[in-house]
Amino acid sequence: MNILGVKEIKGGTVIGSARCQDFRTHEGRLKAARNLVKRGITNLCVIGGDGSLTGADTFRAEWSTLLQELVKAGGITVEEAKKSSYLNIVGMVGSIDNDFCGTDMTIGTDSALHRIMEIVDAITTTAQSHQRTFVLEVMGRHCGYLALVTALASGADWVFIPESPPEDDWEEHLCRRLTETRTRGSRLNIIIVAEGAIDKHGKPITSEDIKTLVVKRLGYDTRVTILGHVQRGGTPSAFDRILGSRMGVEAVMALLEGTPDTPACVVSLSGNQAIRLPLMECVQVTKDVTTAMNEGRFDDALKLRGRSFQNNWNVYKILAHVRPPSAKSGYNLAVMNVGAPAAGMNAAVRSTVRIGLIHGHRMLAVHDGFEGLAERKVEEIAWGGVGGWTGKGGSSLGTKRTLPKKYFEQISSTIADFGIHGLIVIGGFEAFTGSLELIEGRAKFEELCIPICVIPATVSNNVPGSDFSIGADTALNTITATCDRIKQSAAGTKRRVFIIETMGGYCGYLATLAGMAAGADAAYIYEDPFTIHDLEANVEHLTEKMKTTVKRGLVLRNEKCNENYTTDFIYNLYSEEGKGIFDTRKNVLGHMQQGGSPTPFDRNFGTKMGAKAVAWMSGKIKECSRHGRIFANTADSACLLGMRRRALLFQPLSELKEQTDFELTGRSLKRKWWLKLQSILKDSCKVQD
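Everything numeric in this text was worked out from a predicted model, so none of it was measured.

Okay, the overall build of the protein chain next. From N to C terminus, the protein chain includes 23 helices and 24 strands. Relative to its length of 689 residues, the protein chain is compact, with a C-alpha radius of gyration of 27 Å against a globular reference of 26 Å. Along the longest, intermediate and shortest principal axes, the C-alpha atoms of the protein chain span 90 × 70 × 45 Å. A total of 689 residues make up the protein chain; the buried ones form 57% of that total. Taking the intrachain contacts of the protein chain between residues at least 6 apart in sequence as the baseline, contacts between residues at least 24 apart amount to 77%. Accessible area of the protein chain: about 28,400 Å², with a carbon and sulfur share of 50%. Of the charged side chains in the protein chain, 83 are positive and 76 negative; the average position of the first set lies 2 Å away from that of the second.

Written out as structure tokens, the structure reads:
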């Protein structure tokens, strides 16, 4: 909830929060109105859940009446009442449950998922060692979002959520599922339970009930872990810091533009855009979900939660409850990684392999990218071959930047010999460029006339056709956490400025968003050209800052933002101009940005992208099948699966080629959505701390 400045690394709220019973009464709201009037406050930003926002809307509706009562009782003067004749209210949703309808994510949810996944990963280690079953209970009395995404991100065997209770014979299904997992060689079982989980008759399903069932019927060594309030604490994730900052800016703009006739609104996130929606309409839909669950209309409850929630649920059900058919499709699908490693690649491969097996396909794993495909490093991969991959960083298949053009003959031979009917390429700009080369090779090599699907996975987030790439969120959190530590190191020494170089090639995504998340004083990126005068202005800003109570500075530089103003140049400039005022240090973060365990977002994103790609591939193979042979030579037979706003879209690679500046390693010719955040960063630097 803390936004911009020195508070961005603190969790919770520094101004305090409470569930105030007095405000529920007319007398309590009368006191609140007097307090605001006496302080001349006519604009109110409310950060909380549906209860807080409903109370705020009631408060606004009663405002005129409250003022009249206060004047009559002598609590305020007539003049004061005139000056405060109206009250504008804007809401922002702060709730770890992500239970508010109208926004894709609420402030705090991503951080809660980080806490949960840290614990799940730790528990997974001990569960494997002791061959145990763990039942983990997470928060969510009326919403199963945390439980559902945790189940997807951890590859859990089962999840219980209030929106979709299990069938009446769920005990049999659960025990059979756990037994199947052990039979395949797994040494652990993970079951996720939302605290509000119920059966179809409204009876609570508790973590202890599940433990008793597993121990009694299967005899498995079973432990229960109730995460509790640890989910509310800790350092906020990069996503939550940026979300809070963006929501705060939009809320202030809404208040400044408000009039006495402007209805109360709530600032929401739709895809990558901050939007305003009627407050009470969103509150009503949120309440409708609870009503639907109370009345046993669980299908309606799922629909009211929104498309993203439904997609998560559908993907989970397929992966957890659908088994590969005995009858095979007769098609062979190959999956490979290309380019630099990115956290979340393994989650995408796991989903691709398992969904492909569920579709009846024979799945083939290609090691070491296009070079491995040319060298016949291809092997069949089974269900258990990708077990536990969701939480693994890097690329278990191996990945290289090598492009395929010089290997066309060998690659064609491999495709023919292994009978590959479709190719899913997971990687960065090299995956995009290499797939374009395969399309060009179709004219000479008929074996290349197979459906191709590219899934963007790169820390740089520079693949055309997608707002996000797998791995970028993990890299962003790594940079942010490192900046936090660097800033803390300066707390004792004082008067110190750090120059941090980030990855990203010619794409300034990481530098810009990490700058926002870490509260940087500046972020230099290629997309926003800067001059020596800008550098001079930033030095002057830091000189003035050293006169305040916050005697430290942080400057981020994208690795290729300017060929002349290098990291060393900026370091030397700051060192010289800051003599006697502040010391300067530099850090090149390097390949640590590509490592680490994937964040909940990257695990979930990779899982959904893999599932979507296989569904498209299955349809495209059938469409291109003629007399038992596959011949795909149209533009729409080679696509990139990208996220645009709120939708996952398949876009022909040939069309995206026209929107790409290849000299700048994938820089899109279209303006990137995140560039507007650069202006927020610049404005916040002027007023923060």
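Right, let's talk about the confidence of the model for the protein chain for a bit. Atom-level detail of predicted coordinates should not be read off regions where pLDDT is low. In this model, the protein chain carries an average pLDDT of 92, and 97% of its residues clear a pLDDT of 70 or more. Here residues 3-7 is a poorly scored stretch, pLDDT under 50, and it has twelve contacts once near neighbours within four places are set aside; other chains count.

What follows deals with the pairing of strand β21 (residues 638-644). Along β21, six of the seven residues are buried, which leaves the element largely enclosed by surrounding structure. In the sheet, strand β14 (residues 452-456) pairs with β21 via three bridges, with the strands oriented parallel. By the bridge assignment, Cys453 is partnered in β21 with Cys639. Hairpin geometry of β21 and strand β22 (residues 647-652) is characterised by an intervening segment of two residues between the two adjacent antiparallel strands and by a positive phi of about 55° at Arg645.

Our next topic: helix α5 (residues 109-130). Because an α-helix completes one turn every 3.6 residues, residues spaced three or four positions apart along the sequence face the same direction. With 22 residues, α5 should reach 32 Å at 1.5 Å per residue; the first-to-last C-alpha distance of 31 Å fits that figure. All of the buried residues in α5 are Thr109, Asp110, Ser111, Ala112, Leu113, His114, Arg115, Ile116, Met117, Val120, Ile123 and Ala127.

Ranked by size, the top nonpolar core spans 136 residues in total, and within it Phe160 and Ile191 carry the most contacts. Every residue in contact with Ile191, bar those within four places of it in the chain, is listed here: Thr133, Phe134, Val135, Leu136, Trp158, Phe160, Leu174, Leu178, Ile210 and Val214. The next biggest cluster of nonpolar side chains, apart from the first, holds 31 residues, and it includes Phe370, Val425, Phe432 and Leu438.

Once that is clear, we can look at the environment of Ser245. The residue Ser245 is located in helix α9 (residues 238-257) in this model. Sequence separation between Ser245 and Ile680 is 435 residues; the distance between their C-alpha atoms is 8.5 Å.

Here is what the cut-offs are and how they apply
Residues numbered from 1 in each chain as written. Predicted model: local features only at pLDDT ≥ 70, side-chain atom pairs only at ≥ 80, totals over all residues. Heavy atoms only, no water. Helix = DSSP H or I, 4+ residues; strand = E, 2+ residues; numbered from the N terminus. Rg over C-alpha atoms; globule rule 2.2 N^0.38 Å. Buried < 20%, exposed > 50% of the residue type's maximum accessible area, 1.4 Å probe, protein only. Contact = heavy atoms within 4.5 Å. Areas by Shrake-Rupley, 256 points an atom, 1.4 Å probe, with all protein chains shown as cover. Lys, Arg positive; Asp, Glu negative; His and termini not counted. Charge placed at Lys NZ, Arg CZ, Asp CG, Glu CD. pLDDT = per-residue confidence, 0-100. Pairing = 2+ DSSP bridges. Expected span 1.5 Å × (residues − 1). Core = buried A, V, L, I, M, F, W, Y, C linked by side-chain atoms within 4.5 Å.

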